[in-house]
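Notes for the structure review
Here is what each chain is made of, one letter per residue.
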Amino acid sequence: MGSGGQKAHEAIAIAPAPVYLTSAQSEMIADHEALLGCTSCGTPLDDGEGWNGLCGNCADKAEADDGLDTEQTGGAPTGGAPAVEVEAVSPATPASELPATPDNAGSIDFATPTIDSSEVVTPVPTDPVVGDMAGHPLIVGGEDLDDSSLTLVAYQDANGGASREVLYGWVNPEAEHKVLDALALDEEKLVPVEVTKDINGRLPLDEQHQLYEQIETVAKSVNYHLKKGDGIPEHTHGNLDKLQASINGLYDSATDDEKEMLGTYLGAIEQIAPKMTPGYDEPYTAGGKIPHLDPHTVAQTVTVTEMVPAPAEDIPAGLLPATIRDTTRIKPTLDSEGQGSWDGKNRYTKEGGKEYRIELGDGYEAVYRPTTTATGNSAKVGQRGFLEVIAPAGAGHGPEMVRRLGQLNLVNRPMTAAEAEWTYLQRNVWAQRLDQDAGVASTLTAAKTLDDTVAELVFSEKANQAIGMNDTELARFAKSIQLEAEARALPEKTRMVRAAVAKHLGYESGDALAASPGYNPMPRRTVGWYSWDRFDVAANPDATTARFGNRVLYHRVTGNNVADMFRNSGALVATERRRVMGIQPGLGMSEGSDMTSGGSRVVDLRVGSPSSTKGAMMIWKNPTRLLRRADWYAYDGDHFAASASEGGWSTHGQTRDPAKVAKFKKSNNEILFRNGIDLTGSEAPDQIKCGSASQRADVLAVLTHKGITHLGSRPIDKVVTT
Amino acid sequence: MTHHGTLDHAVAELLEAGAVLGLVHPDGTAHAHSWPLARQHRIDDDVLWLRTLISGHRTPAGTPVFPLGDCLRRGIALDSYTVDANEIRFELGSGQVLELRPATSPRELETLELWDVFTLTVLTAQEEDDLDRLDADSWQGRFI
């Protein structure tokens, strides 16, 4: 066993625990023991071997080693693969050198996974690019996280200190219970406290006389009529006169702060009045519109009530203290180069819904947006399951942040190559709808039950370790068994599904499918995430491309922000991911947004022969460049990006077949890609058509500044056009 | 440009007065969901383009804001529709029905009022123009 760091449980009184299995369970386990082979060396098991998952030789060796170290700590057996030298995914700071974990967080023990580094698909970086808002994508094992993906972002410190690292991703709904089980969520464990806060607020005089509201009303009316060109109505003049009289009447008795506010508003009136005069002819879009004026605010200290965790002694041992609060988002600042800075604290507030702030100890914290909180509030659909792990100031915390996912009962190790193929197969089954074949469908069902069967096997091996555990320890013990079972079962599950898919598609065997052109289980890295390909398209991309003839994929962009896309991320990024990247502040989401939750996680392209517009447009003349991905779905019509039947939308007509997409007829068709599209890498468009020469110049300037000379294989000045 | 002249006129009138797009529940009894609509529309290629509004609110300082990344244009295919005095029904290829009707509830009316304040007093004229054109598939500017 590798070093593995902390042991899951200490000083357990050892006495064999009775394990009661039905005869059917025993037979099933025996079958799968033989199926899996020795869990240490992979040797097929003979009759009489395998009661503990080991062949005779390994069992003898284990017995000999028993006095040295008998405890397994959540490793990732390879089930059938020869034993290999394993090494821990090393935290940036060895656990032994970390400061003592305070309070209850420190009492929480979680398994440190061991894994052969050569098997890792995406090593966890210790040196992500600081300030890169797109972040460094990585993939973790298991199926706890959406797409098994996380993104590590290292912000520049807003105060010039060490960088601030944040790891984020979305927890799958099926795994949410794991996170919630780790938390002290009982509302009774939260206590109200009054705290003072410095806020910027409007002056009472302003609010009492609704001065800002009066300015807003006048400005709205004036702009409306300037835009229509039908003259400013008399009542708007009257409103302005009334406002001016109010301000004049208040001025003499006002305090200094109030006079400053009144002066600001008088300045606004002076700006508005000329635009109301007959004959004013400044074009609305060229300086005619009254610019925005924020309410006048001053710094004030207020007392507010917050719910905070109860004193540590009231938190049950083994659980993490968690605070419920209104949803927030990290609030970084972007410089002119698109580099992000954050001070580790500043957050956008009142983003809609509720979230938990979780103390992980040692300066680490997590933020989780659950489907339902202990108080019955939910995060909004697009944000549900969103998880942040925030490290203490400084660089190199990536591996430790991944490791600490274990505190939340989530799989906390990088994805192995074996898992990558499992994920690849799952993506391809979904993309190609292979589960419509009865054989594939039944194999998928059988594969799911394999986890449970192997879990029983693992439990039979380790049941004696459970003696003397309290309830919390038992719960964690059960979870560690489940994780180990999933890892042990994975190679066999992959083999089963690959074989079933191969049979359905007419291949001689699963191995023949694996050796076929286009079959590549390794994901491709794009900007801030990974994508898997679908092997039906990748096997013969020219055939797919030919189906489209002269038709292209395209996406129309608000014209004045094309350069910003390249400045900030170099990607066309889905709204929700742009928000968490901090490219723009996320705004509160109300009930109305639930229906578009699917839409906030995808970008929407169309297929056809688009006409020119005033705005900008990205064009992919070779649709296969994008359609080879295994994460898109499409409709020949606008379904508001519905990914599933939710909120009343039908998914009738949803297709993932490139041949059907090529024949789409409606101009409101939609082809929806998860996360976004890498505009400067392997998914670069063939043409970026700008709405004006100045837009084109801006885009070219940004690309040149970033050292990008080609998009795809073509020079940027050939790709970026007007 | 369009042979949907009657529809064009009816939509314009409804939007000017304040309108809502409702997705009729599969059982036909009520709206499964509804969205207040920006006062802008465009018809081309037998598609009616509208902008659904979501999540408007005022910041603590009082400034109205909308997440424009969620207030996207939506295209309704004009294969089959009926224009009544106070309502337009669109039958979609999927078999579902959308209804364009006057805004009536306080929430709908408040959203429309806030949208007007937002577009007319917070956005720049250029941003307003970008929205009015209804030709972009995503919003890449401020207020995502």
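This write-up is about the structure you can find in this document. Just so it is clear, the model here is predicted, and its values are computed rather than measured.

**Re the interface of chain B and chain A**
Each side of the interface is counted separately: chain B has 62 residues, and chain A has 58 residues. With a closest N to O distance of 2.8 Å, B:Asp137 and A:Arg606 form a salt bridge. Across the chain B-chain A interface, the total number found is 20 residue pairs in polar contact (both at pLDDT 80 or more). For the side of chain B that touches chain A, the elements supplying multiple residues, two or more each, are β1 (19-24), β2 (31-36), β4 (47-51), β5 (57-58), β6 (64-65), β7 (73-77), α2 (106-122) and α3 (125-133) of chain B. Residues belonging to the side of chain B that touches chain A are distributed by class as follows: 26 nonpolar, 18 polar and 18 charged.

**Notes on the nonpolar core**
Among the nonpolar cores identified, the biggest contains 47 residues, and B:Leu21, B:Leu68, B:Phe90 and B:Leu100 are the most heavily contacted of them. For this core, the elements supplying multiple residues, two or more each, are β23 (632-635) of chain A together with α1 (5-17), β1, β4, β9 (88-91), β10 (97-102) and α2 of chain B. Beyond its immediate stretch of four places on either side in the chain, B:Leu68 contacts B:Trp115, B:Phe118, B:Leu123, B:Leu131, B:Trp139, B:Arg142, B:Phe143 and B:Ile144. Formed by 38 residues, the second largest nonpolar core is a distinct cluster that contains A:Ala574, A:Phe664, A:Leu703 and A:Ile716.

**Concerning the sheet that holds strand β3 (residues 42-44) of chain B**
Residues and elements named next belong to chain B. The antiparallel open sheet is built from three strands, whose spatial order is β3-β4-β7. Among the strands making up the open sheet, the edge pair consists of β3 and β7. Pairs of neighbouring strands in the sheet enclose a mean axial angle of 25°, with direction left out of account. Strand direction decides the pairing type here: β4 and β7, joined by five bridges, are antiparallel.

**Focus on the pairing of strand β19 (residues 552-557) of chain A**
Residue and element names in this part refer to chain A. The buried count for β19 comes to six of six residues, which makes it a mostly enclosed element. Burial along β19 is two-sided: Val552, Tyr554 and Arg556 and Leu553, His555 and Val557, pointing in opposite directions, are all buried. In this structure, β19 lies alongside strand β21 (residues 602-608), joined through three bridges in antiparallel fashion. Bridge pairing in β21 links Tyr554 to Arg606. Where β19 meets strand β22 (residues 616-620), five bridges bridge the pair, whose relative direction is antiparallel. By the bridge assignment for β22, His555 is matched with Met618.

**A few points about the pairing of strand β4 (residues 149-157) of chain A**
All names here are of chain A. Counting buried residues along β4, eight of its nine residues qualify, which places the element largely inside the surrounding structure. Where strand β3 (residues 136-139) and β4 come together, four bridges link them in antiparallel fashion. Across the sheet, the residue bridging to Pro137 is Thr151, located in β4. Note: β4 against strand β5 (residues 164-170), five bridges, orientation antiparallel. Across the sheet, Thr151 pairs through a bridge with Tyr168, a residue of β5. Taken together, β4 and the strand that follows it, β5, pair antiparallel across an intervening segment of six residues, in which Gly160 is found at a positive phi of about 85°.

**What to know about the packing of helix α6 (residues 234-251) of chain A against helix α7 (residues 256-272) of chain A**
All names here are of chain A. Running from N to C, α6 and α7 point in directions that differ by 155°, and their axes come no closer than 10 Å. In terms of orientation, α6 lies roughly antiparallel with respect to α7. α7 is crossed by α6, and the crossing has left-handed handedness. Packed against α6, whose contacting residues are Leu240, Leu243, Gln244, Ile247, Asn248, Leu250 and Tyr251, the element α7 presents Lys259, Leu262, Tyr265, Leu266 and Ile269 at the interface.

**Some details on α7(A)**
An α-helix turns once per 3.6 residues; consequently, residues spaced three or four apart project the same way. Residues and elements named next belong to chain A. Counted at 1.5 Å a residue, the expected span for α7 with its 17 residues is 24 Å, and the 24 Å between its end C-alpha atoms agrees. For α7, the set of buried residues is Glu258, Met261, Leu262, Tyr265, Leu266, Ala268, Ile269 and Ile272. The buried residues of α7 all sit within an arc of 155° when viewed along its axis, so they share a single face. In α7, the exposed residues that point more than 90 degrees away from the buried face are Asp256, Glu260 and Glu270. Residues of α7 that are buried in the fold lie against α4 (204-209), α5 (211-228) and α6.

**What about the environment of A:Arg384?**
Residues and elements named next belong to chain A. For Arg384, the position within the fold is in the loop between β15 (364-368) and β16 (386-390). When its relative accessible area of 27% is taken as the criterion, Arg384 is described as partly exposed. For the pair Arg384 and Pro370, spaced 14 residues apart in sequence, the C-alpha separation works out to 5.5 Å.

**A closer look at α1(B)**
Residues and elements named next belong to chain B. Between its terminal C-alpha atoms α1 stretches 19 Å, which fits the 18 Å expected from 13 residues at 1.5 Å a residue. Here α1 has its buried residues at Leu7, Ala10, Val11, Leu14 and Leu15. Axial view of α1: buried residues confined to an arc of 130°, hence all on one face. Exposed side of α1, more than 90 degrees from the buried face: Thr6, His9, Glu13 and Ala17 are the residues found there. Those residues of α1 that are buried are in contact with β1, β3, β4, β8 (81-83), β9 and β10. Phi for Gly18, located one or two positions after α1, is positive at around 105°.

**A short note on the packing of aromatic side chains**
One pass over the structure, following the stated rule, counts 15 aromatic pairs over all chains. Relative to B:Phe118, the ring of B:Phe66 lies with its centre 5.5 Å away and its plane at 45°, an arrangement referred to as tilted. With a gap of 52 residues between them, B:Phe66 in the loop between β6 and β7 and B:Phe118 in helix α2 connect regions that are remote in the sequence. Of the two residues, B:Phe66 and B:Phe118, both sit in the buried class. Among the aromatic residues, those joined into a ring-pair cluster are B:Phe66, B:Trp115, B:Phe118 and B:Phe143. For A:Arg427, the ring lying beneath its charged end belongs to A:Trp532, and the centroid distance is 5.5 Å.

The rules behind each value
- Residues numbered from 1 in each chain as written.
- Chains lettered and ligands numbered in written order.
- Predicted model: local features only at pLDDT ≥ 70, side-chain atom pairs only at ≥ 80, totals over all residues.
- Heavy atoms only, no water.
- Contact = heavy atoms within 4.5 Å.
- Salt bridge = Lys/Arg side-chain N within 4 Å of Asp/Glu carboxyl O.
- Polar contact = N/O pair within 3.5 Å; in protein donor to acceptor, adjacent residues only side chain to side chain.
- Helix = DSSP H or I, 4+ residues; strand = E, 2+ residues; numbered from the N terminus.
- Nonpolar A, V, L, I, M, F, W, Y, C, P; charged D, E, K, R; others polar.
- Core = buried A, V, L, I, M, F, W, Y, C linked by side-chain atoms within 4.5 Å.
- Buried < 20%, exposed > 50% of the residue type's maximum accessible area, 1.4 Å probe, protein only.
- Pairing = 2+ DSSP bridges.
- Axes fitted to C-alpha atoms, helices over the stretch in contact; angles between N-to-C directions.
- Parallel < 35°, antiparallel > 145°, perpendicular 65-115°, else oblique.
- Left-handed = near helix turned anticlockwise from the far one by under 90°.
- Expected span 1.5 Å × (residues − 1).
- Arc of directions from axis to C-beta.
- Phe/Tyr/Trp six-rings, centres within 6.5 Å; stacked < 30°, edge-to-face > 60°.
- Lys NZ or Arg CZ within 6 Å of the ring centre and 35° of its normal.

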